[in-house]
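Overview (structure and organization)
If you want the building blocks of each chain, they are given just below.
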Amino acid sequence: MVNINIRPLRGLLLLIITLPVLFSCASPPPPATTPSAPMAPPMTDTRSILSAAAELLGKQDYDGALACFDRLESAVAASSEMRLLKASVLSSAGRIAEARGIVEGIITGEPDNTEALFVLSTLESAGGKDREQKATLERLITINPNHVQALSALGDISLRSKSLKAAAEYFDRVLALEPDNGDALIGRAGVYRYQRQPKEAETLLNKAVARYPQWTRPLTERARLYQGAGFYEDALRDLDKAEKLNGDDYWIAVDRGIVLTDLRRKKEALPEFNRAIALDPTVFLAYVYSAGIKDEFGDYEGAEHDYGMLAKLKPDYYFAFEGLGLQKMRKKRWAEARDAFLEVYKRAPETNYALLASLCWMRAGRMADPKTFLETALKKATRDTTEWYMLRLYHDLSGDSDVAMRIDKETNPVLKAQMLYYLASYYDVRGNTNLANRYYAQVDEMSQRATLEWRLNQSVMKERNLKIN
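Position labels on residues start from 1 in each chain and follow its written sequence. Per-residue local features of the predicted model are confined to residues with pLDDT of at least 70, and side-chain atom pairs are confined, for both listing and counting, to 80 or more; whole-chain, interface and lining totals are unaffected and use all residues. As a convention, hydrogens and water are excluded, and side-chain values are obtained from all of the structure's heavy atoms.

Next up on the list: the overall build of the protein chain. Under the scheme used here, helices are H or I runs from DSSP no shorter than 4 residues and strands are E runs no shorter than 2 residues, and both carry numbers assigned from the N terminus. Counting its regular elements, the protein chain contains 28 helices and zero strands. Each radius of gyration reported is based on C-alpha atoms, and the globular scaling rule is 2.2 Å times the count of residues to the power 0.38. In terms of C-alpha radius of gyration, the protein chain reaches 31 Å, well past the compact-globule figure of 23 Å for 469 residues. Per-residue burial for the protein chain yields a buried fraction of 47% across its 469 residues. Residue contacts are counted whenever heavy atoms from the two residues lie within 4.5 Å of one another. Look at the contacts in the protein chain between residues 6 or more apart in sequence, and 49% of them connect residues 24 or more apart. Areas reported here follow the Shrake-Rupley algorithm with a probe of radius 1.4 Å; residue values treat only the protein chains shown as occluding. A total accessible area of about 23400 Å² is found for the protein chain, and carbon and sulfur atoms account for 52% of it. Taking the average location of the 63 positive side-chain charges in the protein chain and that of its 63 negative ones, the two points are 4 Å from each other. Residue burial is assigned from relative accessible area. The probe radius is 1.4 Å, only protein chains are included, and a residue is buried under 20% of its type maximum, exposed over 50%, and partly exposed in between. In summary, the charge assignment counts Lys and Arg as positive and Asp and Glu as negative, without counting His or the chain termini. A charge is said to be at NZ when it belongs to Lys, at CZ for Arg, at CG for Asp and at CD for Glu.

What follows covers the pattern of salt bridges. The term salt bridge refers to a pairing of a side-chain nitrogen on Lys or Arg with a carboxyl oxygen on Asp or Glu at a separation within 4 Å. Enumeration according to the criterion identifies 38 salt bridges in this entry. As a salt-bridge pair, Asp172 and Arg188 come within 2.9 Å of each other at their nearest N and O atoms. Placement of the pair is Asp172 in helix 11 (residues 164-177) and Arg188 in helix 12 (residues 182-194), with a sequence separation of 16 residues. Close ionic contact of Arg237 with Asp234 constitutes a salt bridge, the shortest N to O distance being 2.3 Å. With Arg237 and Asp234 both in helix 15 (residues 232-245), this residue pair falls three residues apart, about one helical turn. Connected via shared salt-bridge partners are Glu301, Glu304, Lys328, Lys331, Arg333 and Glu336.

Let us look at the packing of helix 22 (residues 351-364) against helix 26 (residues 413-429). As a rule, the C-alpha atoms of each element are fitted with a line to give its axis, helices using only the stretch in contact, and angles between N-to-C directions run from 0 to 180 degrees. Axis separation between helix 22 and helix 26 bottoms out at 11 Å; the angle between their running directions is 15°. Taken together, helix 22 and helix 26 sit at an angle that is classed as roughly parallel. Considering only the axes of helix 22 and helix 26, their crossing is left-handed. Mapping the contact onto sequence places Asn352, Leu355, Leu356, Leu359, Met362 and Arg363 in helix 22 and Gln418, Met419, Tyr421, Tyr422, Ser425, Asp428 and Val429 in helix 26. By residue class, the composition of the contact of helix 22 with helix 26 is eight nonpolar, three polar and two charged. For classification purposes, an angle smaller than 35 degrees is called roughly parallel, one larger than 145 roughly antiparallel, one from 65 to 115 roughly perpendicular, and anything else oblique. Left-handed describes a crossing whose near helix is turned anticlockwise from the far helix through less than a right angle; right-handed describes the clockwise counterpart. Ten residues, namely Ala, Val, Leu, Ile, Met, Phe, Trp, Tyr, Cys and Pro, are considered nonpolar, four, namely Asp, Glu, Lys and Arg, are considered charged, and the remaining ones, Gly among them, are considered polar.

The rule is short: rings of Phe, Tyr and Trp, with Trp giving its six-membered ring, pair when the centres are within 6.5 Å, and they are stacked under 30 degrees, edge-to-face over 60, tilted in between. Inspection of the entire model under this criterion finds 14 aromatic pairs. Relative to Tyr353, the ring of Tyr318 lies with its centre 6.1 Å away and its plane at 75°, an arrangement referred to as edge-to-face. Highlighted residues: Tyr318 in helix 20 (residues 318-330) and Tyr353 in helix 22, separated in sequence by 35 residues. You can call Tyr353 buried: its relative accessible area is 4%. Of the aromatic side chains, those joined through ring pairs into one cluster are Tyr317, Tyr318, Phe319 and Tyr353. Positioned above the aromatic ring of Trp334 is the side chain of Arg363, whose terminal nitrogen or guanidinium carbon lies 5.0 Å from the ring centre. Charges are assigned to positions over rings by a cutoff of 6 Å between ring centre and Lys NZ or Arg CZ, combined with an angular limit of 35 degrees from the ring normal. We note Arg438 situated over the ring of Tyr439; from NZ or CZ to the ring centre the distance is 5.4 Å.

A separate point is empty space enclosed by the protein. For each structure, a 1 Å grid was placed over the protein atoms alone; sets of points admitting a 1.4 Å probe that cannot get out are labelled cavities, open sets with protein on both sides within 12 Å along at least five of seven lines are labelled pockets, and lining residues have an atom within 4 Å of a point. Grid points are joined across faces, edges and corners, and a volume is the space filled by probe spheres set on the points. This model, assessed by the stated rule, comprises one cavity of 30 Å³ or more. What the largest cavity holds in volume is close to 30 Å³. Forming the walls of the largest cavity are Ala417, Gln418, Val443, Ser447, Gln448, Thr451, Glu453 and Trp454.

On to helix 11. In this analysis, the expected span of each helix is defined as 1.5 Å times one less than the number of residues it contains. When the terminal C-alpha atoms of helix 11 are compared, their 20 Å separation across 14 residues agrees well with the 20 Å that a helix rising 1.5 Å per residue should span. For helix 11, the set of buried residues is Leu164, Ala167, Ala168, Tyr170, Phe171, Val174 and Leu175. The buried residues of helix 11 occupy an angular sector of 165° when the element is viewed end-on, so they sit on one face. In helix 11, the exposed positions that point more than 90 degrees away from the buried face belong to Lys165 and Ala176. Along the arc lie the directions from the helix axis toward the C-beta atoms.

Topologically, Pro218 is positioned in helix 14 (residues 216-229). Assessed through its relative accessible area of 0%, Pro218 is described here as buried. Sequence-wise, Pro218 and Val283 are 65 residues apart; in three dimensions their C-alpha atoms are separated by 22 Å. The contact partners of Pro218, leaving out residues within four places of it in the chain, are Ile186, Leu205, Ala208 and Val209.

Right, let's talk about the confidence of the model for the protein chain for a bit. Scored between 0 and 100, pLDDT is the confidence that the predictor attaches to each residue. Of the residues in the protein chain, 90% have a pLDDT of 70 or more, and the chain-wide mean is 89. Contacts of residues 1-43 to residues separated by more than four positions or lying in other chains number 63 contacts, the stretch itself having pLDDT below 50.

Now for the layout of surface pockets. Empty space among the atoms can be located by rolling a probe the size of a water molecule over them. Considered as a void within the structure, the second largest pocket measures approximately 470 Å³ in volume. Around the second largest pocket, the lining is made up of 23 residues, and of these Arg330, Arg455, Leu456, Ser459 and Val460 lie nearest the centre. For the lining of the second largest pocket, the elements supplying multiple residues, two or more each, are helix 18 (285-296), helix 20, helix 22, helix 26 and helix 28 (452-463). When residues in the lining of the second largest pocket are grouped by element, the largest group, eight residues, is from helix 28. Among the residues forming the lining of the second largest pocket, the class breakdown is ten nonpolar, three polar and ten charged.

A separate point is the packing of helix 13 (residues 198-211) against helix 14. Orientation of helix 13 relative to helix 14, taken along the N-to-C sense of each, is 155°, at an axis distance of 9 Å. Taken together, the axes of helix 13 and helix 14 lie roughly antiparallel to each other. The hand of the helix 13/helix 14 crossing is left-handed. Residues Pro198, Ala201, Glu202, Leu205, Asn206, Ala208 and Val209 of helix 13 lie in contact with helix 14, whose contacting residues are Pro218, Leu219, Glu221, Arg222, Leu225 and Tyr226. Grouping the constituent residues of the contact of helix 13 with helix 14 by class yields nine nonpolar, one polar and three charged.

Next comes the structure, spelled out in structure tokens:
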């Protein structure tokens, strides 16, 4: 479902409810000669119908809100205002094609209808058509240069594209017309953030928070400003307030989880990420954090599930496949681990991923199975480096003494620890367990905890009850 902002829609509904001319046309008073004419049955007058629609829209009951339009008098339903409202609700319900048909029909008959143009711009936005949205908004402001929603939307487009000067000009135009406009206050604060003027950004966000105490967005934007500046406790206070106002917001849950992670309160952060996933399991970001925390806490089943979901939702995020490969290796599901690391290597052709894929390949079948793959990997690697010689060892299945000497001379401690792990794994898969264990112990002693290889090495050390550093 693609939703447009329902706040202005509810406002527009309430505005139309107060327009007496429209309603007098739809529901004329009874003729003077029939004073005893019966009252209209409940929910048949326009004002009541639209009041019900506004209430349903506030609950995001789009089907219920749309059904209200079917109860309108035909003359009222045919008006541009009502057709435009219906199109807006259709858009919020994800029925974009139907909404576009209505809006384009209105614009054909009324090419200068700025509200129809604005709704069309939201439809372009919902379809990811930034260029078309911008063109429609620019056409709109040539008709009405003071259309604050259009100006603010153009500011948002400019801000997303990092056109900071243009964004500032649009938001400043809105604020000149409406100094308390919430969207413009937040947008202009965003420009200040990018320009590294946090005090100016905070001033505007403070104003928005004070002016709109029941709106969560000023709080969440100020929290992000504080979080980016390292004021994590301040950020958490704002997010706590936002959560009380709207406990069902995915992004508030994610932001709280991130700030709690920054505060090293991961046990409290994990439930926030889990809550975000429950609210919307189709958004990838919460899985990034939940998978890593579960992995760190030893919940390997949970980590594998979350890495798997992340790989499905965001296949270009190669760390998902890296994490998935790690979990598969822990379970000795070698073929699945190989496939995961091959996916990583496609996206990030680094030597360690080629070695991990090859190692799992060997364990899943025969030693020579990854030979063709390794020929390609050798061509991509920098020749005469320690990594290149390790790849060649896996390819040739000989020359281990030379590689061991090269590792011994390696001056980069991270690389040295990584290559020791692959040398240990080579001996392990060849059946020389004692020599493998000796090198696994050396990896542990180097304590390069930030590397994937160290985590894999720890699993082996625990499994074999070797001394752990």
